[in-house]
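Residue-level structure breakdown
One-letter residues, chain by chain:
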Amino acid sequence: MNKTKFWIGRGIKNVILVIFSLFCVFPLIWVLIAATNTSVDIVSGVLVPGKNIVANFQTLSEHYDVFGASWNTIKYSAVCTVAAIVVCSIAGYGFEIYHDKVKDKLFGLLMLTMMIPFVATMLPLYQSYAKLGLLNSTLGFILPQVSTVFLIMLFRQNSRTFPKDIIEAARIDGETELGIFFKMFMPTMKATYAAGATIMFMNAWNNYMWARLIMSDNSAQTLPMMISNMTTGHYIDYGMLMLAVLISTLPTLIVFFALQKSFVQGMTGAVKG
Amino acid sequence: MRKRMIALFMMAFLVVGTLAGCTGGGSGDEGKKDDKANVENEAGDANEGDVGAGKLTVWCWDPTFNINAMNAAAEIYKKDHPQFELEVTEISSGDIIQKLATSTSAGNTADVLPDVILFDDSLVAQEVVSYPDVFMDLTDSGIDFSQFSEGKVACSVVDGKNYGVPFDSGAAIAAYRTDILEDAGFTIDDFTDVTWSEWIKKAKVVKEKTGKALINGQSSYNQVTVMLKSCGGSFFDEDGNLDIAGNEKIKRICELYLEMLEAGVYQEEVGWDTYIGNINNGNVAGAMNGCWIMSSIQAADNQSGLWAITNVPSVDGVDDATNYSSQGGSTWTITTECENPKLAIDFFNSTFAGSEELYDNILPSGAIATWIPAGGSEAYSQEVEFYGNQPVYSMIVEYTSKIPICMTNAYEASARQAVCTAISNVAFSGADLDEELVAAEETVSFEMER
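Because the structure is a prediction, the values reported are computed rather than measured.

Below, the discussion takes up the overall build of chain A. Within chain A, the regular secondary structure consists of 15 helices and 0 strands. The C-alpha radius of gyration of chain A comes to 23 Å, more than 25% above the 19 Å expected for a compact globule of 273 residues. Taken along the three principal axes of its C-alpha coordinates, chain A extends 75 × 70 × 30 Å. The long-range share in chain A, meaning contacts at least 24 apart out of those at least 6 apart in sequence, stands at 79%.

See below:
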């Protein structure tokens, strides 16, 4: 009797989970189906795969430099991700390992900046970058994303789980502080780095507003900028648009699924033994 | 202490290292800037001999329409001026507004703005008023504005000065499915030169016999504009003061709109995709909007021959009512950052304000001229199979020339939105129309004072 109740309960839970999962995954499936249909089919509400994916791709590549935009997005996201996790992990490590009261207060101040939305800082940031001559440059695009409070916090929190004994032992063995960070901390905290990289890559990949503001050249267009341009014509080709959305979504999905296990470990602060 | 110093050094070293790595791209861009400067210098030198030599930079959107038109214009201009160069950057209309706002706030328009910017007609006056130093006064530039539709030119006139070169027509059309009209016992002629009251009566018959609304729309935003412009109406008086609450034309239009909604002959949609979807599906029997809507209608190519266009109904019971109106369309502006204004003006004089060939070439993309002489060409008189062999392009050019002149204002979009909100409150919450129009005027007035 108890076994039956257990299986019924488990079955109900699974059904509920499947229903919620379908709700979550439906937009992605819809984009996938829409990318294979004509614009007229999409606005007519057709929900079965069509045969127009090749034609949609032809239209897309005819009107937009999809490869150039993809390359720009990959380039900017990769540089942003590497730079951000290096800078933020050093900052997080520093705040935790060399912490004192002043640094704790400074960290509190940093946390406060998380409350300020980007739109509020956008204009002064733009003015500063304009004065520095960084408009329309890769450096100008990347700099504001290199240091994020959330990543510093993530690395600081996870640094707490890093065994202090290892640091002491390394110092006794004559290892430099720089060596301890690169040779001990970095390899041990792989999961945290994976989590940080996943978050940063997704943010950089989807960055639209700052990219749009600072970049003016056609050659500097990213995928989100390209997709935004597709929605303002007299006639919106939804088939082409959905294919572009799909192309833009796939890399972030791949990165997430590749680093999923480490992402979960990293977010929960696990140290790989 | 030593540890702290080391920690600080580590942070500084890595940050500097990271930034140095990134500057590679920046340097490349610097190189590009130098190249641009060289091109401009060379152009400047060349200009001493040939006004058509040099480079123009343009911001606009839509590769199949506006960008295509600009590139086609450049091809024509290059025939006589081989040293001419054009660089078009694709930026959406909304992003242009944002970049304009941020660059003017930062005071560095020289580094950011291009020579030419395209604006939606409803935004030109607003942008010129908001940023008076950014746009070039073209009144005495030599561009013959009398050859454009008067109503269209009025969109870019501020304080009696012309700030834009009109581009595509936003002439309003009423497009109907002739097969559905036939099922209800009507032809396209029954909806030509009619008043809104007559239109509603006939639309009720269509609804009764076919179960379909005659037209649809994404809220009342576009529809109210079409109706208001058809009788030369405005949300503002001649002195630029708000004129909503006591405006008989606006009240009459709201009453007609509410009547259509109540009778179910006008279907309000939740979004653009459902609006287009229901037109393409045949869930509604027609569409009424700027003529640019034709590209969306024609996307359903299996409906070729089933459509026909005609003019829009006139607002009965008010002065100056006509069957012609506009919605949308766009206008080219030249910025004061343009380093070679002579070139820009000569370019527009030779193309958008002077070339039948250009308008013939861009006609297949759906860009219909507001430059009246273009309407006389053979390309414009061709019959279009999709619309039952009607000469739709010359019909639209004719409609364009008859659009009444309307007052424009920087707060046009806000006023439109406020009136739409008033209509929604009456239609869906049972509010009183007069009170809602007073509230709408107060809302816009507050925004104008701010």
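With that out of the way, let us pick up the overall build of chain B. When its secondary structure is counted, chain B shows 18 helices and 12 strands. Relative to its 450 residues, chain B shows a buried fraction of 49%. Within chain B, contacts between residues separated by at least 24 positions form 77% of all contacts whose residues are at least 6 apart in sequence.

Residues and elements named next belong to chain B. Unlike most non-glycine residues, Asp-62 shows phi in positive territory, near 70 degrees. In this fold, Asp-62 is placed in the loop between β1 (54–60) and α2 (66–80). The backbone phi angle of Asn-389 is positive, close to 65 degrees, even though this residue is not glycine. Examined against the element boundaries, Asn-389 turns out to sit in the loop between α15 (378–381) and α16 (392–401). On the neighbour-count criterion, Asn-389 (12 C-beta atoms within 10 Å) is exposed.

Each side of the interface is counted separately: chain A has 40 residues, and chain B has 42 residues. Sorting the residues of the side of chain A that touches chain B by element identifies α2 (39–43), α4 (66–97), α6 (118–131), α7 (138–146), α10 (177–188), α12 (209–214) and α13 (223–230) of chain A as the ones contributing at least two each. Per-element accounting of the side of chain A that touches chain B gives the leading share, 7 residues, to α4 of chain A. A per-class count over the side of chain A that touches chain B returns 21 nonpolar, 16 polar and 3 charged.

This brings us to the packing of α4 of chain A against helix α8 (residues 149–159) of chain A. All names here are of chain A. The N-to-C vectors of α4 and α8 enclose an angle of 45 degrees; their axes lie 7 Å apart at closest approach. For the element pair α4 / α8, the angle class is oblique. By crossing handedness, the relation of α4 to α8 is classed as right-handed. Contacts between α4 and α8 involve Ala-84, Ile-85, Cys-88, Ser-89, Ala-91, Gly-92, Tyr-93, Phe-95, Glu-96 and Ile-97 from the former and Leu-151, Ile-152, Leu-154, Phe-155, Arg-156 and Ser-159 from the latter.

Another point: the confidence of the model for chain B. Taken over all residues, the pLDDT of chain B has a mean of 85, while the share at 70 or more is 89%. Across residues 6–48 of chain B, confidence stays below pLDDT 50; counting only partners more than four residues off in sequence or on other chains, it has 48 contacts.

So, on to the nonpolar core. Ranked by internal contacts, the top residues of the largest apolar core, which has 203 residues, are Ala-244 of chain A together with Ile-396 and Val-419 of chain B. It is α4 of chain A that provides the largest number of residues to this core, a total of 14 residues. Shared between two domains, this core holds at least three residues of each, these being domain 1 (52–168 + 329–381) and domain 2 (172–325 + 411–449) of chain B. Apart from the residues lying within four places of it in its own chain, the contact partners of Ala-244 of chain A are Leu-60, Val-66, Met-226, Ile-227 and Met-230 of chain A.

What follows is about the environment of Tyr-131 of chain B. All names here are of chain B. Assignment of secondary structure puts Tyr-131 in the loop between α5 (121–130) and α6 (150–154). Since 17 C-beta atoms lie within 10 Å of it, Tyr-131 is described here as partly exposed. On a C-alpha basis, the gap between Tyr-131 and Tyr-275 in space is 34 Å, while along the polypeptide they are 144 residues apart.

All names here are of chain B. Pairing is mixed across the open sheet formed by 5 strands, whose spatial order is β2-β1-β3-β12-β6. Each edge of the sheet is formed by a strand with only one pairing partner; in this case those strands are β2 (84–90) and β6 (165–166). As defined by bridge partners, β1 adjoins β2 across 7 bridges and the pair is classed as parallel. Looking across to β2, one finds that Trp-59 is bridged to Thr-89. Helix α13 (residues 341–350) rests against β1, β3 (116–120), β6 and β12 (330–334) of the sheet, and its axis sits at about 70 degrees to β1.

Now for the environment of Glu-75 of chain B. Residue and element names in this part refer to chain B. Looking at the element boundaries, Glu-75 is found in helix α2. Classification of Glu-75 as partly exposed rests on a count of 15 C-beta atoms within 10 Å. The sequence separation of Glu-75 and Thr-351 amounts to 276 residues, and the corresponding C-alpha distance is 9.8 Å.

Residue and element names in this part refer to chain B. Looking at chain B, the domain boundaries give domain 1 (52–168 + 329–381) and domain 2 (172–325 + 411–449). On a C-alpha basis, the centroid separation for the pair domain 1 and domain 2 is 29 Å. For the side of domain 1 that touches domain 2, a count of residues per class yields 2 nonpolar, 4 polar and no charged.

Attention now moves to helix α3 (residues 53–63) of chain A. Residue and element names in this part refer to chain A. Taken residue by residue, α3 has Asn-56, Leu-60 and His-63 as its buried positions. Take α3 and look down its axis: the buried residues cluster within an arc of 85 degrees, on one side only. Of the residues in α3, the exposed ones pointing more than 90 degrees away from the buried face are Val-54, Gln-58 and Glu-62. Taken together, the buried residues of α3 touch α4 and α14 (238–258).

Let's shift gears to the packing of α6 of chain A against helix α3 (residues 93–106) of chain B. One can describe the packing of α6 of chain A onto α3 of chain B by two numbers: an axis separation of 9 Å at closest approach and a directional angle of 65 degrees. Considering the relative orientation of α6 of chain A and α3 of chain B, their crossing is right-handed. Each of Leu-123, Tyr-126, Gln-127 and Ala-130 of chain A in α6 of chain A lies in contact with α3 of chain B, whose residues at this interface are Thr-102, Ser-105 and Ala-106 of chain B. Tallied by class, the residues present in the contact of α6 of chain A with α3 of chain B amount to 4 nonpolar, 3 polar and no charged.

This part covers the sheet that holds strand β10 (residues 286–290) of chain B. Residues and elements named next belong to chain B. Spatially, 3 strands are ordered β10-β7-β11 in an open sheet, and the strand pairing comes out antiparallel. In this open sheet, the two edge strands, each paired with only one partner strand, are β10 and β11 (307–310). Along the sheet, successive strands turn relative to each other by an average axial angle of 25 degrees, direction set aside. Where strand β7 (residues 172–177) lies against β10, 5 bridges are found, and the strand directions are antiparallel. By the bridge assignment for β10, Ala-175 is matched with Ala-287.

Another aspect to go through is the environment of Leu-243 of chain A. For Leu-243 of chain A, the position within the fold is in helix α14. Along the primary structure Leu-243 of chain A and Ala-35 of chain A are separated by 208 residues, whereas in three dimensions their C-alpha atoms are 4.4 Å apart.

Residues at a pLDDT of 70 or more form 97% of chain A, whose mean pLDDT is 88. Looking across chain A, the model is least confident in helix α15 (residues 260–267) of chain A, with a mean pLDDT of 76, and most confident in α3 of chain A, with 93.

What counts and how
- Residues numbered from 1 in each chain as written.
- Chains lettered and ligands numbered in written order.
- Predicted model: local features only at pLDDT ≥ 70, side-chain atom pairs only at ≥ 80, totals over all residues.
- Helix = DSSP H or I, 4+ residues; strand = E, 2+ residues; numbered from the N terminus.
- Rg over C-alpha atoms; globule rule 2.2 N^0.38 Å.
- Contact = placed C-beta atoms within 7 Å.
- Buried ≥ 20, exposed ≤ 12 C-beta atoms within 10 Å, placed from the backbone.
- Nonpolar A, V, L, I, M, F, W, Y, C, P; charged D, E, K, R; others polar.
- Axes fitted to C-alpha atoms, helices over the stretch in contact; angles between N-to-C directions.
- Parallel < 35°, antiparallel > 145°, perpendicular 65-115°, else oblique.
- Left-handed = near helix turned anticlockwise from the far one by under 90°.
- pLDDT = per-residue confidence, 0-100.
- Core = buried A, V, L, I, M, F, W, Y, C linked by C-beta atoms within 7 Å.
- Domains from an automatic or database assignment.
- Pairing = 2+ DSSP bridges.
- Arc of directions from axis to C-beta.

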